[in-house]
Amino acid sequence: MFRSIYTYIYMERLKVKEMPPEQHSRGTMGLFRSFVFLLMLYLPQGSNTSLVRLNNNGYEGIIIAIDPTVPENETLIEKIQNMVIDASTYLFEATENRFFFKNVSILIPENWKNINQYKRPKHESYKHADVRVAPPALPGRYEPYTKQFTACEEKGEYIHLTPDFVLGNKQNEFGPSGRLLVHEWAHLRWGVFDEYNDDEPFYRAKSRKIEATRCSTGITGLNRVYVCEGGSCVSDRECRIDSKTNLYQKNCQFFPDKYQTEKTSIMFMQGIDSVTKFCNEKNHNREAPSLQNKMCNYRSTWEVISNSEDFKNTTAMSAPPPPPVFSLLKISERIVCLVLDKSGSMATSNRLNRMNQAAQHFLLQTVENGSWVGMVHFDSSASIRSNLIQIISSNERRKLLESLPTVASGGTSICSGIESGFQAIRNAGFQLDGSEIVLLTDGEDNTVKSCIETVKQSGAIIHFIALGPNAALEVKEMSTATGGKYVYASDEGQNNGLIDAFAALASGNIDGSQQSIQLESKGLKLNSNDWMNGTVIIDSTVGKDTFFLITWSQQLPSIYLFDPNGMSMENFTVDSTSKMAYLNIPGATKVGVWTYNIQAKTSSETLTITVNSRAANSFVPPITVNAKVNKDTNSYPSPLIVYAEILQGYLPILGANVTAFIESKFGETEVLELLDNGAGADSFKNDGVYSRYFTTYKENGAYNLKVRAHGGENAVRRSLRHPLNTAAFIPGWVVDGNIEGNPPRPENDEDTQTNVESFTRTATGDAFVVSNVPQSPSLLDLFPPSQITDLEATSHENEINLTWTAPGDDFDVGKVQQYIIRISESILDLRDNFDDALQVNTTALLPKEANSKETFTFKPGNISEENETHIFIAIQSVDKSNLTSKVSNIVQVALFVQEDYTPDEIHPDPSPDKNPPKSGLSISTLVLLVVGSVVIVSLILSITICILNKRRKPSRPRTGF
């Protein structure tokens, strides 16, 4: 790493020396900023929920979870095991004897029958699943894919396989399941991308031939139009050239030869029998417009894998690996013990009462029926205040409320609290495996390290709610190691952090229709007679067991709540001691806009409102929001990326207004608008993941993340397009020159969307910790513009039109100073030598504010028209401090369109050790062509000679006799 950094610095210093003396200071300052930015790029990346670890070349802790909605089928478990066994062997070969699957847990739904060999999970949960075996997002959408919305080399979220695929019913379309699992594992674990591209299936190579987007180019096949009608499919005709793009028309497909010798690449089409390797630096196809090239700066998949921590920490094995070991784990009832801090510091900043308000909300609404719940209090010692009782009805919930602490005093002994929580669970006859401790504390504890290892080995899951700026962060290690949540709440009550923290602790192992979903969370500081007014939308996907909670810090306010018909709701239960009022609507709630008006009755009042509900119908998945950042620990000035994913089931929700609220440990809140525009921090446009860079750190310590999403009527759509990062669909095979086709996949129309009704949602993400923030703001500009990743180009006559999303002065905020646009006849030259490429005059191009749509039209000059059909274009942006962005994605555009022609068949150029492909023309046809050509040439020569002879003869007067 440092060798790369110092090589870069050396080259930059040479540039400074070549500057005029008056520019040396500016050049040196720019060098320093570049160095800081380069260090930022090399900081550790990644934050996901996986519990996988690499031990002696073998992956341990892999979780494959069967969705609760999948019907019981023991054959499915057997097929999963066979898939993993095959995948382990294939992975070992593909990684040059380096990696294999060592042990795998299969998580079985609670509603399946009990079998003796099933055990209770420990830290394993559906939330942490690396592979989800779940129904397709839509009927017929059986394609396997990896949920991956982060940058190259960063881990993905999970792999989604349908039961139909695992059972072996789709192997013709995607190849053997074990091979496909390795393809998806490469997405998930190493952050590589596909080497095919459904949106750009063909490209014009430097050789000026049209090639299928693939790696390597040694994969042979035919390009054909394949038409399916009435249950039968035929190869209708050869592919034709589109006069606008100078590439094949949209309906052309690449059909690989069934029998090949080429070994790469798994990220193109692992279903080809001969393919057993990833493309490497030597055979990688850098010209292809694949996602791998775009996302990973034209590096091969093997280069990315070789740069991973997995690879760096292992060496190749000399012997074959052992087969995977499987654990069959069955979800059972939830076991939770609240371990609540009542030490003396909880008496300050209204902490004790706020904790009780939040705990009551958890007990009354969040925790699910059927769960076992107990309670422990601790200060310098601990005591069990309520043994575990099973929640069957509201009676058990109300009984637990009686055990909440009323007085704060004493010191802080976190280990005592946890041990008492363990004892409460044992007293009820349960094992600790898979049980949950919800630990809330506001204080420091020098002895907490003494029990960290015991907690890690206990089998229990620790959820850590840190309250206030002095909460012991050592507990974070417990929650991370055991797969629990870590949430932070400041002392600013109007931010509603404590209630949000408890609300985020809904079970991750139950059917989504049973989970509590937060629709609203809002608070204000008000003076006497001031109002907190607002609306909350109950959409048709929720509305069962709806719960309205109002809290105050001093005096009961006036509360008015109206349903969509304007009817006033007046049946609130008021708890004056805890300073809260709530309304529970157990059945169906009216769909529409609910209005609330809450009036403060005293000065310096803090009011909050929280609204939760559950799915209205178990057969219709509710709209959900999940929030996260890309790193759970970070060091200034490295940027963070904030993500919010909005889904209905597995379908992305597009067009929502999404806002992130990032709260520092002392309660200062930064507001970010998150975007799903495929620019800046957002990797993919219209994938339902809304993203933004975060750089405005206020102080060191913990930060809390909350996201609010709102969808307006007729403005929000449900995307029905195929998910990204799917394994390549095999349309069919070429056998002896004929196409043996597979049934066509459903059409992938990017514009296939359906409207979604209005909705509101809030979600709380895990907290993150930032260090090395300076006490006073830095005067240096440390952040360059973000890379342009959505550059597009079209040509019309002799002009080229470019469009892209504007970056900002600091990543995606502000406005850049200028754009540098360069063009080249070679994609590799433009990538490797951008500064030497031909620059386009952009004097008239005035940059817009970040996230605006930019357009620019120019006429390409100094490009040779001789046999030239395409040029390549890229952009770099420069900010006011002369910091430059990374070079954008490279686009190609057709220039001088050649005549349309219909090729008979297309194969890639053969390698020296391969036989050349057939021409597709018979001997007789060749003979006729040659003879015809000779006749035509002879005729032309005869006519030409005759004309010349006539011109040479003198014109004479005719003489009579």
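The following paragraphs examine the structure supplied in this document. (Residues numbered from 1 in each chain as written. Predicted model: local features only at pLDDT ≥ 70, side-chain atom pairs only at ≥ 80, totals over all residues. Heavy atoms only, no water.)

The next subject is the pairing of strand 26 (residues 580-588). The pairing of strand 23 (residues 542-552) with strand 26 spans seven bridges and is antiparallel. Note on strand 26: the bridge partner recorded for threonine 551 is methionine 580. Relative to strand 26, strand 25 (residues 573-575) runs antiparallel, the two being bridged by three bridges. In the strand pairing of strand 26, aspartate 575 is matched with methionine 580. (Pairing = 2+ DSSP bridges. Helix = DSSP H or I, 4+ residues; strand = E, 2+ residues; numbered from the N terminus.)

The description of an aromatic ring pair rests on the distance of the ring centres and on the angle between the ring planes. Taken as a whole and judged by the stated rule, the model has 32 aromatic pairs. Ring geometry for phenylalanine 101 versus tryptophan 185: centroids 5.1 Å apart, planes at 80°, classification edge-to-face. Taken together, the residues phenylalanine 101 in strand 4 (residues 100-101) and tryptophan 185 in helix 6 (residues 177-190) connect sequence positions 84 residues apart. An identical accessibility class is assigned to phenylalanine 101 and tryptophan 185; each is buried. (Phe/Tyr/Trp six-rings, centres within 6.5 Å; stacked < 30°, edge-to-face > 60°. Buried < 20%, exposed > 50% of the residue type's maximum accessible area, 1.4 Å probe, protein only.)

Glancing now at the sheet that holds strand 18 (residues 436-441). One open sheet accounts for six strands, arranged 17-16-15-18-19-20; its pairing is mixed. Of all the strands in the sheet, the pair left with one neighbour each is strand 17 (382-390) and strand 20 (486-489). On average, each strand axis in the sheet is tilted by 15° relative to the strand beside it, whichever way the strands run. In the sheet, strand 15 (residues 335-341) pairs with strand 18 via five bridges, with the strands oriented parallel. (Axes fitted to C-alpha atoms, helices over the stretch in contact; angles between N-to-C directions.)

For helix 3 (residues 74-94), spanning 21 residues, the distance from its first C-alpha to its last is 30 Å, which sits close to the expected 30 Å at 1.5 Å a residue. Burial in helix 3 covers these residues: Leu76, Ile77, Ile80, Met83, Val84, Ala87, Ser88, Tyr90, Leu91, Phe92 and Ala94. Taken from the residues just after helix 3, glutamate 96 is the one with a positive phi, measuring 60°. (Expected span 1.5 Å × (residues − 1).)

Let us now look at the nonpolar core. Generally speaking, soluble globular proteins have nonpolar side chains that are buried together. Residues Tyr59, Ile80, Phe101, Trp185, Trp190 and Phe278 are the most contacted members of the largest nonpolar core, which totals 74 residues. The element best represented in this core is helix 3, accounting for nine residues. Beyond its immediate sequence surroundings of up to four residues, phenylalanine 101 is in contact with Tyr59, Ile62, Val84, Ala87, Ser88, Leu91, Leu181, Trp185 and Pro324. If you look at the next biggest cluster of nonpolar residues, it comprises 39 residues, including Val625, Leu640, Leu705 and Val756. (Core = buried A, V, L, I, M, F, W, Y, C linked by side-chain atoms within 4.5 Å. Contact = heavy atoms within 4.5 Å.)

Before going further, it helps to spend a moment on the side chain of glutamate 195. Position of glutamate 195 among the secondary structure elements: in the loop between helix 6 and strand 9 (202-204). Buried charge glutamate 195 goes without a salt bridge, the closest partner of opposite sign being arginine 286 at 9.8 Å. For glutamate 195, the side chain forms a polar contact with the side chain of serine 265, separated by 2.7 Å. Non-local contacts of glutamate 195, meaning those with residues more than four positions away in its chain, are made with Thr213, Arg214, Cys215, Ser265, Met267, Phe268, Cys279, His284, Ser290, Gln292 and Thr301. (Lys, Arg positive; Asp, Glu negative; His and termini not counted. Salt bridge = Lys/Arg side-chain N within 4 Å of Asp/Glu carboxyl O. Polar contact = N/O pair within 3.5 Å; in protein donor to acceptor, adjacent residues only side chain to side chain.)

Across the seven residues that make up strand 29 (residues 623-629), a large majority, five, are buried. Where strand 29 and strand 31 (residues 640-648) come together, seven bridges link them in antiparallel fashion. When the sheet's bridge partners are listed, alanine 627 is paired in strand 31 with alanine 644.

Below, the discussion takes up the packing of helix 11 (residues 351-366) against helix 12 (residues 394-401). Helix 12 packs onto helix 11 with a crossing angle of 170° between their chain directions and a minimal axis gap of 9 Å. Of the possible angle classes, the one that applies to helix 11 and helix 12 is roughly antiparallel. Side by side, helix 11 and helix 12 meet where Gln360, Leu363, Leu364 and Gln365 of the first sit next to Arg397, Leu400 and Leu401 of the second. Looking at the contact of helix 11 with helix 12 residue by residue, the classes come out as four nonpolar, two polar and one charged. (Parallel < 35°, antiparallel > 145°, perpendicular 65-115°, else oblique. Nonpolar A, V, L, I, M, F, W, Y, C, P; charged D, E, K, R; others polar.)

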